[in-house]
Amino acid sequence: MNNKITIEKVTYVKQWTYNLFSFRTTRDESFKFIPGQFARLGVIDNTGKEIFRPYSIVSADYDEELEFYSIIVPDGEFTQILKNIKVGDSILVNKTNYGLLTTDRFEKGKHLWLLSTGTGLAPFISILYEFSIWSQYQKIILVHCTRTQDELTYQDLINEFYTNEFYSELVKDKLIYLKVLTRENSGADFYGRITTLVENKNMEISLGIDINSDDSRIMICGNPDMVNETRKILTERGLSISKRGNPGNIAVENYW
Ligand SMILES: Cc1cc2nc3c(=O)[nH]c(=O)nc-3n(C[C@H](O)[C@H](O)[C@H](O)COP(=O)(O)OP(=O)(O)OC[C@H]3O[C@@H](n4cnc5c(N)ncnc54)[C@H](O)[C@@H]3O)c2cc1C
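So, here's what we can say about the structure. (Residues numbered from 1 in each chain as written. Predicted model: local features only at pLDDT ≥ 70, side-chain atom pairs only at ≥ 80, totals over all residues. Heavy atoms only, no water.)

Here's the deal with the packing of aromatic side chains
Stated precisely, the cut-off is as follows: Classification of ring pairs uses Phe, Tyr and Trp, with its six-membered ring standing for Trp, and accepts pairs whose centres are within 6.5 Å; under 30 degrees between planes counts as stacked, over 60 as edge-to-face, and the remaining range as tilted. A helix here means a DSSP run of H or I that spans at least four residues, while a strand means a run of E at least two residues long, and both kinds are numbered starting from the N terminus. Relative accessibility under 20% of the residue-type maximum defines a buried residue, over 50% an exposed one, and the middle range a partly exposed one, all with a 1.4 Å probe and only protein chains included.
Per the stated rule, a full pass over the model turns up 14 aromatic pairs. Measuring from ring centre to ring centre gives 4.8 Å for tryptophan 16 and tyrosine 154, while their planes differ by 50°; the resulting arrangement is tilted. Of the two residues, tryptophan 16 is situated in strand β1 (residues 5-17) and tyrosine 154 in the loop between β8 (139-146) and α4 (155-160); the sequence distance between them amounts to 138 residues. Exposure remark for tryptophan 16: the relative accessible area of 27% places this residue in the partly exposed category.

As structure tokens, this is what we get:
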């Protein structure tokens, strides 16, 4: 086995819906990451072949364990094996940290928008644990868009930031958590696709917070259609993608 790979143990599994679950693993002390980054996780199939996929890290960078949030894809090579993991099972973790969906890509900015669909919420939870963002930004707007209410996972954990002894003072006047549903008409703050809500500015109007290139820093993660369309709408409004050596307003991660 490649010496970048460690074998970790599963310590916790939570099934949210028939096709969504989270799990935690032990963390090798040499595994470092920046909130927003992803790990490469591996499972072994019944022929002995190792299969790896990128997975955003949900947990805080200071957490002793690693947490991940997964979809189960029908016929998906990786998730059809991963869906059976239980506490005590082994999982392979590549020690290299990957990914550019990190807040250090931005400079200044008053408002940090975290736009996610489905499991694209994962990196943003890790980012919420990042203490520095709470002094850096005046408002942090976390948007989680799913089809149905039962897919609006992690609500308790997100709401706990308002009361947690270490975060509440930092977070309470800054965190705005918006739940969005596309296929149901109750149980959320907004209805419709993120692209539509960015285009018609409904979220901005209702919050009284304008998206513009001076104030806004925007991270987008999840379904590639949503990511690419939203990015297009925002660049047409004068915002730009952050690039190495040229910090802009937008950072994105496509999941497939
Ligand atoms: C940088 C990065 C980070 C990622 N982080 C996560 C994560 O935190 N959680 C997670 O569940 N997946 C994540 N993914 C996707 C993940 O790597 C796998 O694609 C997914 O686990 C399915 O693997 P599979 O082999 O079963 O199916 P694949 O053959 O990899 O995918 C088959 C199809 O399933 C659909 N699909 C794949 N992933 C998703 C998804 N997350 N939500 C909805 N539909 C999907 C797509 O249509 C894709 O073409 C990430 C991908 C990238 C590139």
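Some points on helix α8 (residues 224-236)
The test is simple: The span one expects for a helix is its residue count, reduced by one, times 1.5 Å. Here, residues are in contact when the closest pair of their heavy atoms is within 4.5 Å. Nitrogen and oxygen atoms within 3.5 Å of one another constitute a polar contact, given that in protein one can donate a hydrogen and the other can accept it, and given that sequence-neighbouring residues count only through two side-chain atoms.
The terminal C-alpha atoms of α8, which comprises 13 residues, lie 18 Å apart, in line with the 18 Å expected from a rise of 1.5 Å per residue. Residues of α8 that are buried: Pro224, Met226, Val227, Thr230, Ile233 and Leu234. Residues of α8 that are buried in the fold lie against β7 (111-117), α6 (194-199), β11 (216-222) and β12 (250-254). Of the residues that open α8, the one with a side-chain oxygen 2.7 Å from the backbone nitrogen of aspartate 225 is asparagine 223. Looking one or two residues past α8, glycine 238 carries a phi angle of roughly 100°, positive in sign.

Description of the pattern of salt bridges
Pairing between side chains of opposite charge can happen when their charged atoms approach one another. Selection criterion: We count a salt bridge whenever a side-chain nitrogen from Lys or Arg sits within 4 Å of a carboxyl oxygen from Asp or Glu.
By the definition in use, this model includes 12 salt bridges. For glutamate 67, the salt bridge is made with arginine 24, and the minimal N-O distance between the two is 2.6 Å. Placement of glutamate 67 in strand β5 (residues 65-71) and of arginine 24 in strand β2 (residues 20-26) is noted, with a sequence separation of 43 residues between them. The pair formed by glutamate 67 and arginine 24 is uniform in burial state, with each residue classed as buried. Two residues, lysine 110 and aspartate 215, come together in a salt bridge whose shortest N-O distance is 3.8 Å. Of this pair, lysine 110 sits in the loop between β6 (90-98) and β7 while aspartate 215 is found in the loop between α7 (202-207) and β11, placing the two residues 105 residues apart along the sequence. Relative accessible area serves as the criterion here: at 18%, aspartate 215 is assigned to the buried category. Residues participating in the shared-partner salt-bridge network are Arg24, Asp63, Glu65 and Glu67.

Topic: the site of the ligand
Definition in use: A molecule or strand has a residue near it when one of that residue's heavy atoms lies within 4 Å. Here, Shrake-Rupley sampling with a 1.4 Å probe gives the accessible areas, and only protein chains in the shown set may cover a residue. Think of a 1 Å grid over the protein atoms and nothing else: a 1.4 Å probe that fits but is trapped marks a cavity, an open set flanked by protein within 12 Å on at least five of seven lines marks a pocket, and residues with an atom within 4 Å of a point count as lining. Assignment of a molecule to a cavity or pocket requires that more than half of its atoms lie within 2 Å of the corresponding grid points. Amino acids are sorted into nonpolar (Ala, Val, Leu, Ile, Met, Phe, Trp, Tyr, Cys and Pro), charged (Asp, Glu, Lys and Arg) and polar (every other residue, Gly among them).
Neighbouring the ligand are 19 residues, the closest being Pro54, Tyr55, Tyr69, Thr79 and Thr119. Between phenylalanine 78 and the ligand, the recorded distance is 2.9 Å, taken from a backbone N or O atom to an oxygen atom. Contact with the protein chains removes 76% of the 870 Å² of surface that the ligand exposes when unbound. Taking a 2 Å distance to the grid points as the criterion, the majority of the atoms of the ligand fall inside the largest pocket. At four residues, the largest contribution of residues to the shell around the ligand is made by strand β4 (residues 50-56). Across the shell around the ligand, the residue classes break down as 10 nonpolar, six polar and three charged.

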